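# Results of the structural survey
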Amino acid sequence: MAFYHCSIKTSKDKKGNFIPGKKHADYINREGEYKDYDNKVGLAHAEYINREKDFARQEFLRKHGQCVYKANKLPKWAKGNPSEFFKSADIYGRKNKASYREFELALQEELTLEQNIEIVNTILNNYEYFQDKYYAVAIHDKQAALDNNKQQIHCHIMVSDKMIDDIEKTNERPPEQFFKTYCRVNTDKGGAKVDRYFSKDSFGKNLTHFRKYYCDVTNAIFRKYGIDKTIDYKSLKMQREEALRNGDYVRAEILNRPAEQYIGTIASYDKNNSLVQKLLENRKYITERTNLILAASETEKNIKDTILIDKINSSMKEANDVINERCNTLESKVADISILKNDILFLLNQIKETSKDVLSFEEAKALAKYDLMTKDEKALTNKLFNFNQKSIELQNKIANTENDKIRQQLDNELEKTNKGISALKVQLRPTNKKFTQSAFKAKVTKKANYLLLENAPLREKLELLKDKLDVQTDNLKQILKENIINLPAQSYSAKEVKTILDNLVIDVKNSFEYKQQEYKSLASRVISPQRAREMAYNVATNHKYRELKEAKRLVAKEKIKLEQEAKPFINQVEYVQKFDDSSLLNQAKIQLQPYITKYQELNAKEQDIFTKFNELEAFINAPEQQEKIQSIIEGILTKNSPIKYQYDTLREQISSLKTELKELKNLSVGVNNQVRLDKNTNFKYSIKSHTRTTSVANISVGSMSSSSSDTIKLLAQAFNGVEGAIPLVAKIDEQTDEVLDYKHLNIVDKRAKRSNAILKEFS
């Protein structure tokens, strides 16, 4: 999520003591006494998980992060070294005065390092305060204190309040003069002037101004790279008031909560701290509450939109009949509805066409990858695309073909096409592997961002069209609400039912595949009770259990390898034994002897491992150790329970989607038969007005709640002969406007009808 944090500090700590500028410069640049911290992350983590040595050093890194980027603007005498510059500020500056001012800014996890650097450089190059200052910049990246799956990338800017005046620009002062007190009478002999921009009197006003600028720059970068996120410097109360003024009542309700309590950096890393636990519970509650509010709003919108779409799609002839009875001012309302409907249909068509050219981030990445491919790789990719298209076409032809001979030919062709697809995928494996490398990932991201920037005008055009559509839709809603009651149910031909049902199948299939990918990626993070027990054994035995288990595996592997290497010599000994030739036998045994010796050594080593394992098991099975191990297991499983819950939820969702997909595909059979049966006819089908969607709930498939989807499913069930659905469906002859009860024809009836049609044609 987009994260806001902006603070400005001086060189005083919480107790009012001054922190030396050199020490803090070393800290943000990871130099001096902090130099080796970045290089010891792996070692520190190993010491942490093994409960070895001094864990405090690892704690420092985990809390304060690694330095991933450095930059500065310093005088020549500092030689590009911030420590040297701020050391001079400590020595030559006024005693008991701040030698530096520090800006601490949150950067964004959604952006790449280069994009975050762009935020920092935009601020430094354009914000007036920094234009005449010397400064040092460092970007740190660390794991979030309260969420192990998040990173907290942030920036430190150390600035000297001493200004770079005309004298400094012309001829740089030496450090002893630059940090000297400013002299108004004789400016040449005095030091540089101190900027009072963030002085006590103007601090509040200018801090707010800077925070707003920082938010504006960050949001501009988000927009530039097509990321739908924003940050805001305003308090929750101010944001809520603004939302209410703008009529955004959903956002106002989400913001209607108390601000989060700040508990400090040190406390954040203690998960057992009651304040931390309370904060995490509160965040979980806020997330659930926000999701519920959004879900309620979306549900309400979907219901309204569904009703609206049903009304828009009703024929103008039927609508006019109702309007004649219901409208207060007939002529004007009919004209208004006709104009609005035409506007909406025109805008929908424009949105559809414009949407084709608007790139999503994933599409931009795909284009960027293609652009970075070699000529041969592009040729293979194009070939794979054509084969996939051909496969889809063949599948559609097979589904709509009744002739067994033609279907067999199409099946053979589809099999060849699928083999070609598999072969091409194998050929493209090195290409796919190439794009998993960091260097290529960075190139793809950079190229994708450039494409999104080029595509921004089209995206803006699409948003403008959507805004216009919202306005016209609201206008039509109002007229319909005021003047029209109970418009007739929407009717569909069997072919239209097939098209919509096929789209439902595709939507459910896409959801199913997406959930499956999520499920697979989550599987490796789920800890089973058996794995938790082994992890507990490792902790309880200071990782001896894992070492012995690995040693046992390696010995078994070596024995198998040795047996394979010795097999030719064993066969030779067996072969020579058939002949009574002691000389050849001795020679064969001499060649085999090194393998026998090595095998005996491995057996002894394996026996030693078994002995140690038995001793370790005796230690583990002791009552006091079992109690400790059980406690560790419970801790591991408790910590892993959110992931396990998410994993189980996904499994249930996948099972539900699988069932829904199967049922929708089964419904397609009857719908396809009805399409063939209704060929060259004018029949349409709708739900009888007295049933509408109330009767659908008991027999509809899946979990989709849209009334139009329920209607399509109910019609599909009737076409498949579901007894509960047939009486609810009306059959309409579009040519005569005659409304009939729908009668499902079984296979025998369909054959008889076809035979009668043929006989009638030839009679």
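Just so it is clear, the structure is predicted and the values come from calculations on it, not from any experiment. (Residues numbered from 1 in each chain as written. Predicted model: local features only at pLDDT ≥ 70, side-chain atom pairs only at ≥ 80, totals over all residues. Heavy atoms only, no water.)

When its secondary structure is counted, the protein shows 26 helices and eight strands. Going through the 763 residues of the protein one by one, you find that 36% of them count as buried. Long-range contacts, defined here as pairs at least 24 residues apart, represent 72% of the contacts in the protein between residues at least 6 apart. (Helix = DSSP H or I, 4+ residues; strand = E, 2+ residues; numbered from the N terminus. Buried < 20%, exposed > 50% of the residue type's maximum accessible area, 1.4 Å probe, protein only. Contact = heavy atoms within 4.5 Å.)

The full count for this structure, using the stated rule, is 21 salt bridges. Between Glu 534 and Lys 549 there is a salt bridge, and its shortest N-O distance comes to 2.6 Å. Here Glu 534, found in helix H21 (residues 529-540), pairs with Lys 549, found in helix H22 (residues 544-576); they are 15 residues apart in sequence, far enough to count as distant. Here Glu 534 falls in the partly exposed class, since its relative accessible area comes to 24%. The partly exposed category is assigned to Lys 549, whose relative accessible area is 35%. (Salt bridge = Lys/Arg side-chain N within 4 Å of Asp/Glu carboxyl O.)

Moving on to a positive patch on the surface. The grouping of Arg 94, Lys 97, Arg 184, Lys 193 and Arg 196 at the surface amounts to a positive patch. Inspection of the secondary structure puts Arg 94 in the loop between helix H4 (82-92) and strand S3 (101-106). (Patch = residues over 30% accessible without salt bridge, like charges linked within 9 Å, V, L, I, M, F, W, Y side chains within 5 Å. Areas by Shrake-Rupley, 256 points an atom, 1.4 Å probe, with all protein chains shown as cover. Lys, Arg positive; Asp, Glu negative; His and termini not counted. Charge placed at Lys NZ, Arg CZ, Asp CG, Glu CD.)

So, about the packing of aromatic side chains. Scanning the model with the defined rule gives 29 aromatic pairs in all. Measuring from ring centre to ring centre gives 6.4 Å for Phe 85 and Phe 178, while their planes differ by 55°; the resulting arrangement is tilted. Separated by 93 residues along the polypeptide, Phe 85 in helix H4 and Phe 178 in helix H7 (residues 175-178) bring together distant segments of the chain. Across the pair, Phe 178 and Phe 85 agree in class, each one buried. Among the aromatic residues, those joined into a ring-pair cluster are Phe 103, Tyr 127, Tyr 129, Phe 130, Tyr 135, Tyr 197, Phe 198, Phe 210 and Tyr 213. Between the NZ or CZ atom of Lys 133 and the centre of the ring of Tyr 129, over which it lies, the distance is 4.4 Å. (Phe/Tyr/Trp six-rings, centres within 6.5 Å; stacked < 30°, edge-to-face > 60°. Lys NZ or Arg CZ within 6 Å of the ring centre and 35° of its normal.)

This next bit is on the nonpolar core. One finds Phe 103, Ile 123, Phe 130, Ile 157, Phe 210 and Tyr 214 to be the most contacted residues of the largest nonpolar core, which totals 32 residues. Among the elements that take part in this core, helix H8 (residues 203-224) stands out by supplying seven residues, more than any other. With 27 residues, the next largest nonpolar core counts Ala 494, Ile 687, Ile 712 and Leu 714 among its residues. (Core = buried A, V, L, I, M, F, W, Y, C linked by side-chain atoms within 4.5 Å.)

So, on to the sheet that holds strand S6 (residues 683-687). Read across the sheet, three strands follow the order S6-S7-S8 without closing on themselves; strand pairing throughout is antiparallel. Both outer strands of the open sheet, S6 and strand S8 (738-741), are each paired with one neighbouring strand and no more. Averaged over neighbouring strand pairs, the angle between their axes works out to 35° when direction is ignored. Bridge count for S6 against strand S7 (residues 729-733) is five bridges, and the pairing is antiparallel. (Pairing = 2+ DSSP bridges. Axes fitted to C-alpha atoms, helices over the stretch in contact; angles between N-to-C directions.)

To describe two helices that pack against each other, one gives the angle between their axes and the distance between the axes. One way to put it is that helix H5 (residues 113-126) packs onto H8 with a least axis distance of 10 Å and a crossing angle of 140°. Classed by the angle they form, the pair H5 and H8 counts as oblique. For H5 against H8, the interelement crossing comes out right-handed. The segment H5 lies against H8, with Gln 115, Glu 118, Ile 119, Thr 122, Ile 123 and Asn 126 engaging Phe 210, Tyr 213, Tyr 214, Val 217, Thr 218, Ile 221 and Lys 224. Here the residues of the contact of H5 with H8 sort into seven nonpolar, four polar and two charged. (Parallel < 35°, antiparallel > 145°, perpendicular 65-115°, else oblique. Left-handed = near helix turned anticlockwise from the far one by under 90°. Nonpolar A, V, L, I, M, F, W, Y, C, P; charged D, E, K, R; others polar.)

Attention shifts here to the packing of helix H16 (residues 375-399) against helix H17 (residues 404-427). Look at H16 against H17: their axes get within 9 Å of each other, and the N-to-C directions meet at 155°. Relative to H17, the element H16 lies roughly antiparallel. Like other packed secondary-structure pairs, H16 and H17 cross with a definite hand, here left-handed. Here Leu 380, Lys 383, Leu 384, Phe 387, Asn 388, Lys 390, Ser 391, Leu 394, Gln 395, Lys 397 and Ile 398 of H16 lie close against H17, whose contacting residues are Arg 407, Leu 410, Asp 411, Glu 413, Leu 414, Thr 417, Asn 418, Gly 420, Ile 421, Leu 424, Lys 425 and Gln 427. When the residues that make up the contact of H16 with H17 are grouped by side-chain class, the tally is nine nonpolar, seven polar and seven charged.

A rise of 1.5 Å per residue sets the reference length of H5, with its 14 residues, at 20 Å; its end C-alpha atoms lie 20 Å apart and thus fit the reference within 8%. Restricting attention to buried positions, one finds in H5 the residues Gln 115, Asn 116, Ile 117, Ile 119, Val 120, Ile 123 and Leu 124. (Expected span 1.5 Å × (residues − 1).)

What follows is about the side chain of Thr 431. Following the sequence through the fold, Thr 431 ends up in helix H18 (residues 429-434). Other than its neighbours up to four places away in sequence, Thr 431 contacts Met 373 and Glu 377.

This part is about unusual backbone geometry. Residue Lys 79 is not a glycine yet carries a positive backbone phi of 55°. Note on placement: Lys 79 falls in the loop between strand S2 (66-73) and H4. A residue is classified by how much of its surface remains accessible, and Lys 79, at 75% relative accessible area, is exposed. Phi at His 543 is positive, roughly 70°, even though this residue is not glycine. By the secondary structure assignment, His 543 is in the loop between H21 and H22.

Confidence in the prediction for the protein averages 77 pLDDT; 74% of positions are at 70 or higher. The weakest mean pLDDT in the protein belongs to helix H2 (residues 41-49) at 33; the strongest belongs to H5 at 91. Scored below 50 in pLDDT, residues 325-331 shows seven contacts in the model against residues more than four places distant or in partner chains. Throughout residues 690-706 the model reports pLDDT below 50, and contacts reaching past four residues in sequence, or to other chains, amount to 30 contacts. (pLDDT = per-residue confidence, 0-100.)

For S7, the buried fraction is high: five of the five residues fall into the buried class. Where burial is concerned, the two faces of S7 agree: the one with Val 729, Lys 731 and Asp 733 and the one with Ala 730 and Ile 732 are both buried. Judged from the four bridges that link them, S7 and S8 form a sheet pairing that is antiparallel. If you follow Lys 731 over to S8, its bridge partner there is Leu 740.

So, about the side chain of Arg 101. Its location among the elements puts Arg 101 in strand S3. Judged by relative accessible area, Arg 101 falls into the buried class, the value being 10%. Side-chain polar atoms of Arg 101 contact the side chain of Asp 161, separated by 2.8 Å. Dropping the residues within four chain positions of it, Arg 101 is found in contact with Ile 8, Lys 9, Thr 10, Tyr 129, Ile 157, Met 158, Val 159, Asp 161, Phe 198 and Phe 203. (Polar contact = N/O pair within 3.5 Å; in protein donor to acceptor, adjacent residues only side chain to side chain.)

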